[in-house]
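Fold and geometry: a report
So the chains spell out like this:
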Amino acid sequence: MTSTSVPEQRVCELLAPLLRSREVGDSIAPSSDDGYIFSAFEFFLPGVLREIHAEWRHESLDGIYPASFRKTGDREIELIGLALFISDQTLTPLHVRLQLSPDFDCVSWIDLKLGERIDGECRREPYGSAKASGTMLHVSNRLDSIDWYYHVGYGEQRS
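Residues numbered from 1 in each chain as written. Predicted model: local features only at pLDDT ≥ 70, side-chain atom pairs only at ≥ 80, totals over all residues. Heavy atoms only, no water.

A few words now on the pattern of salt bridges. Overall, the coordinates contain 10 salt bridges when judged by the stated rule. Glu59 is the partner of Arg124 in a salt bridge, and the nearest nitrogen-oxygen pair spans 3.6 Å. Here the residue Arg124 occupies a position in the loop between strand E5 (121–122) and strand E6 (125–126), and Glu59 occupies one in the loop between helix H2 (37–50) and strand E1 (61–73), the gap between them amounting to 65 residues. Note that Arg117 and Asp147 form a salt bridge whose closest N and O atoms lie 3.5 Å from each other. Separated by 30 residues along the polypeptide, Arg117 in strand E4 (residues 107–118) and Asp147 in the loop between helix H3 (130–134) and strand E7 (148–155) bring together distant segments of the chain. One network of salt bridges, with partners in common, ties together Glu116, Arg123, Glu125 and Arg142. (Salt bridge = Lys/Arg side-chain N within 4 Å of Asp/Glu carboxyl O. Helix = DSSP H or I, 4+ residues; strand = E, 2+ residues; numbered from the N terminus.)

As structure tokens, then:
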């Protein structure tokens, strides 16, 4: 990605104060004033997916439900949880790692994984179902064993 999109700018604006005020390893629990960070991710992440996956031209996210959100390095976060597809209101696992630029004005590096591949399809569980709230909420314990349906990354981690 060569220019900074409006959704990317918004993610940077909201993440910068959260990252500046925490130490590496700290959990990030946004205050109500900063709680819009997940809404910003709802707009930003589909744009990243659209770069590689044509079907995302007609798909978006309607919610992100974090199981873990923490600072993992200098200007870096990791977000693990569930994402809600807007088209059919189903949930799927989500794992995002990203780093902001030294000026905190763009994403310099991202590794985005979304959806679990089961029998060649992207696993989707109905919002509110017991299966979604049970098994899939434990995605953080299964990161290494998930066969990710979508995986997009760009940029280079910088120290």
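After that view of the structure, there is still more to cover.
Under the criterion given, the structure shown has zero disulfides. Unpaired in terms of disulfides, Cys106 finds its nearest cysteine sulfur in Cys12, a separation of 6.2 Å. (Disulfide = S-S within 2.5 Å.)

What follows is about the packing of helix H1 (residues 6–20) against H2. Look at H1 against H2: their axes get within 8 Å of each other, and the N-to-C directions meet at 155 degrees. Looking at the two axes, H1 sits roughly antiparallel to H2. Between H1 and H2 lies a crossing of left-handed hand. When H1 is examined against H2, the residues Pro7, Glu8, Arg10, Val11, Leu14 and Leu15 are found in contact with a partner set consisting of Ile37, Ala40, Phe41, Phe43 and Phe44. Of the residues contributing to the contact of H1 with H2, the split by class is nine nonpolar, no polar and two charged. (Axes fitted to C-alpha atoms, helices over the stretch in contact; angles between N-to-C directions. Parallel < 35°, antiparallel > 145°, perpendicular 65-115°, else oblique. Left-handed = near helix turned anticlockwise from the far one by under 90°. Contact = heavy atoms within 4.5 Å. Nonpolar A, V, L, I, M, F, W, Y, C, P; charged D, E, K, R; others polar.)

The next subject is the side chain of His95. Counting through the fold element by element, His95 comes out in strand E3 (residues 90–100). Within the structure, the side chain of His95 is placed 2.7 Å from the side chain of Glu78, a separation counted as a polar contact. Residue contacts for His95: discarding those within four places in its chain leaves Glu78, Leu79, Ile80, Asp111, Leu112, Lys113, Leu143 and Trp148. (Polar contact = N/O pair within 3.5 Å; in protein donor to acceptor, adjacent residues only side chain to side chain.)

So, on to the packing of aromatic side chains. Taken as a whole and assessed by the stated rule, the structure comprises six aromatic pairs. Here Trp56 and Tyr150 contribute two aromatic rings whose centre-to-centre distance is 5.7 Å and whose plane-to-plane angle is 80 degrees, an arrangement assigned as edge-to-face. Taken as a pair, Trp56 in the loop between H2 and E1 and Tyr150 in strand E7 lie far apart in primary sequence, 94 residues in all. Residue class for Trp56 comes out buried when judged on its relative accessible area of 0%. One aromatic cluster in this structure is built from Trp56, Phe85, Tyr149 and Tyr150. In this structure, Arg20 is placed above the aromatic ring of Phe104, and the distance from its NZ or CZ to the ring centre is 4.0 Å. Above the plane of the ring of Phe85 lies Arg124, whose end atom (NZ or CZ) is 3.5 Å from the centre. (Phe/Tyr/Trp six-rings, centres within 6.5 Å; stacked < 30°, edge-to-face > 60°. Buried < 20%, exposed > 50% of the residue type's maximum accessible area, 1.4 Å probe, protein only. Lys NZ or Arg CZ within 6 Å of the ring centre and 35° of its normal.)

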